[in-house]
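Read off the chains here:
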Amino acid sequence: MQVPAFCRVTATIEKEVRIELWMPRTWNHKLVAVGNGGLAGSISYTAMVKPLTQGYAASSTDTGHQAASTTDGGWALGHYERIVNFADRTTHLLAEADKVILNRFYGAQPAHAYFNGCSQGGHEAMIEAQRYPKDFDGIVAGDPANNWTHHYIGGHLWNALAVDGDGYLAQDKVQILADAVNAECDALDGVKDGVLNDPRRCKFLPATLLCKGSDTSKCLTAAQVSAVEKIWSGLRTPKGQQIYPGLVPGGEAGTGGWAGYITGTGPGHRTPFDSGRAILPFLRVR
């Protein structure tokens, strides 16, 4: 992708909020601010490139901290102000700074300002819409990571613990589960195409794959059956109150399946463990 000539401005607001604004030589008089992923900690450079090539001024922030990865939450421990910046303030500070810089550079305010974010960026988008609605004229909130404590504990850590130890499912086990789900539920919508149009209609029982004797690659152990049941049922209180919904059957294997978000490349090498543990510093801050 050919990147046009642009002026790159870097700035730090209130000691730790780092921002970048890219201003193209040929400007369409519009601004696009882009969101982050995970726990942020860096400027979203790759997301800034496309709007820049389309003539937009493009901007991003690290949300007030620096981290080695988007699953690193250590920066939050003992730093409540960083949590506040990350959760609420930095995109607003970015929007305000962008408009000042654009006005000084081009001699005009943007005709329209937009925000585009997914996952944590979707959370940032929702915060903007709810608390700072005058910052942007249009907002895209893709897959917003909202209700944070429930999302990280119920959506990440719960699933990671379910497949910990004897409950771990290697890729061949995930595949036989996916195949069994599709065999029973794929045709419920009248079309056998490998896609469950409404996974809620699928009543497949993981226990039907329980090994009858020794463990093989063609069946699930009792611990693995229990792991699948936990993942599908979600996190509940001892009295049965739903804290966070479980996953629905379908899509276990293949691109975007459990290997990327639940089982990973092997025991102990899974994004949910990293993401689930990442919230612990947030819970310790007083």
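Within each chain, residues carry numbers counting from 1 in the order of the written sequence. Whole-chain, interface and lining totals are the exception, using all residues; otherwise, since this is a predicted model, local features are given only for residues with pLDDT of at least 70 and side-chain atom pairs are given and counted only at 80 or more. Side-chain metrics rest on all non-hydrogen atoms present in the structure, leaving aside hydrogens and water.

(A) Structural detail: the overall build of the protein chain. Put simply, DSSP H or I for four residues or longer makes a helix, DSSP E for two residues or longer makes a strand, and each gets a number counted from the N terminus. Along the backbone of the protein chain there are nine helices and eight strands. Taken along the three principal axes of its C-alpha coordinates, the protein chain extends 75 × 50 × 30 Å. When a residue's accessible area, from a 1.4 Å probe over protein chains only, is under 20% of the maximum for its type it is buried; when over 50% it is exposed; and in between it is partly exposed. Looking at the protein chain residue by residue over its 286 residues, the buried ones come to 47%. It only takes one pair of heavy atoms within 4.5 Å for two residues to be counted as in contact. When contacts within the protein chain are restricted to residue pairs at least 6 apart in sequence, those whose partners lie at least 24 apart make up 66%. When the accessible surface of the protein chain is totalled, it reaches about 14600 Å², and 53% of it is carbon and sulfur. Each charge class in the protein chain was averaged separately, 26 positive and 27 negative side chains, and the resulting centres sit 3 Å apart. For the area figures, the Shrake-Rupley method with a 1.4 Å probe applies, and any residue is considered shielded solely by the protein chains shown. The sign given to each residue is positive for Lys and Arg and negative for Asp and Glu; His and the chain ends receive no count. To locate a charge, the coordinates of NZ of Lys, CZ of Arg, CG of Asp or CD of Glu are taken.

(B) Quick look at the state of the cysteines. Cysteine sulfur atoms are paired as a disulfide whenever they come within 2.5 Å of each other. Counting across every chain of the model gives two disulfides. The disulfide partner of Cys-185 is Cys-202, and the S-S distance across this bridge is 2.1 Å. Between Cys-185 and Cys-202, the S-S dihedral sits near 70°, and the bridge is therefore right-handed. Of this pair, Cys-185 sits in helix α5 (residues 171-185) while Cys-202 is found in the loop between α5 and α6 (222-233), placing the two residues 17 residues apart along the sequence. For Cys-211, the disulfide goes to Cys-219, at an S-S distance of 1.9 Å. Linking Cys-211 and Cys-219, the disulfide has an S-S dihedral of approximately 90° and is accordingly described as right-handed. When its relative accessible area of 9% is taken as the criterion, Cys-219 is described as buried. Sequential numbering of the bridged cysteines in the protein chain gives the disulfide pattern 1-2, 3-4.

(C) Here's a closer look at the layout of surface pockets. Cavities and pockets were defined on a 1 Å grid built from protein atoms only: a cavity is a group of points that admits a 1.4 Å probe but offers it no way out, a pocket is an open group of points flanked by protein on both sides within 12 Å along at least five of seven lines, and a lining residue is one with an atom within 4 Å of any such point. Grid points are joined across faces, edges and corners, and a volume is the space filled by probe spheres set on the points. Estimates place the volume of the largest pocket at around 590 Å³. Along its surface, the largest pocket is lined by 30 residues, and His-151, Gly-155, His-156, Leu-247 and Tyr-261 are the ones closest to its centre. Listed by contribution, the elements that provide at least two residues to the lining of the largest pocket are α4 (148-162), α7 (258-261) and α8 (271-278). Considering every element that reaches the lining of the largest pocket, the biggest residue donor is α4, with seven residues. In this structure, the second largest pocket occupies an estimated 200 Å³ of space. If you go around the second largest pocket, the residues you meet are Cys-118, Ser-119, Asp-143, Pro-144, Ala-145, Asn-146, His-151 and Tyr-244. Polarity classes work like this: nonpolar for Ala, Val, Leu, Ile, Met, Phe, Trp, Tyr, Cys and Pro, charged for Asp, Glu, Lys and Arg, and polar for all others, with Gly in that last group. Tallied by class, residues from the lining of the second largest pocket come to four nonpolar, three polar and one charged.

(D) Up close: unusual backbone geometry. Positive phi is not limited to glycine here, since Asp-143 has a value of about 40°. Locating Asp-143 in the fold gives a position in the loop between β6 (138-142) and α4. The exposed category is assigned to Asp-143, whose relative accessible area is 62%. Positive phi outside glycine occurs at Asn-147, with the angle close to 50°. Looking at the secondary structure, you find Asn-147 in the loop between β6 and α4. Given a relative accessible area of 49%, Asn-147 falls into the partly exposed group.

(E) Quick peek at empty space enclosed by the protein. Per the stated rule, a full pass over the model turns up two cavities of 30 Å³ or more. The computed volume of the largest cavity comes to approximately 50 Å³. Lining the largest cavity we find Asn-85, Phe-86, Ala-87, Asp-88, Arg-89, Thr-90, Thr-91, Glu-124, Ile-127 and Glu-128. Elements with a contribution of two residues or more to the lining of the largest cavity: α2 (80-106) and α3 (120-131). The leading source of residues in the lining of the largest cavity is α2, at seven residues. Its residues assigned to classes, the lining of the largest cavity shows three nonpolar, three polar and four charged. Reported here for the second largest cavity is a volume of approximately 40 Å³. Around the second largest cavity, the lining residues are Cys-185, Leu-188, Asp-189, Leu-196, Asn-197, Asp-198, Pro-199, Arg-201 and Cys-202. Classifying every residue of the lining of the second largest cavity by side-chain character gives five nonpolar, one polar and three charged.

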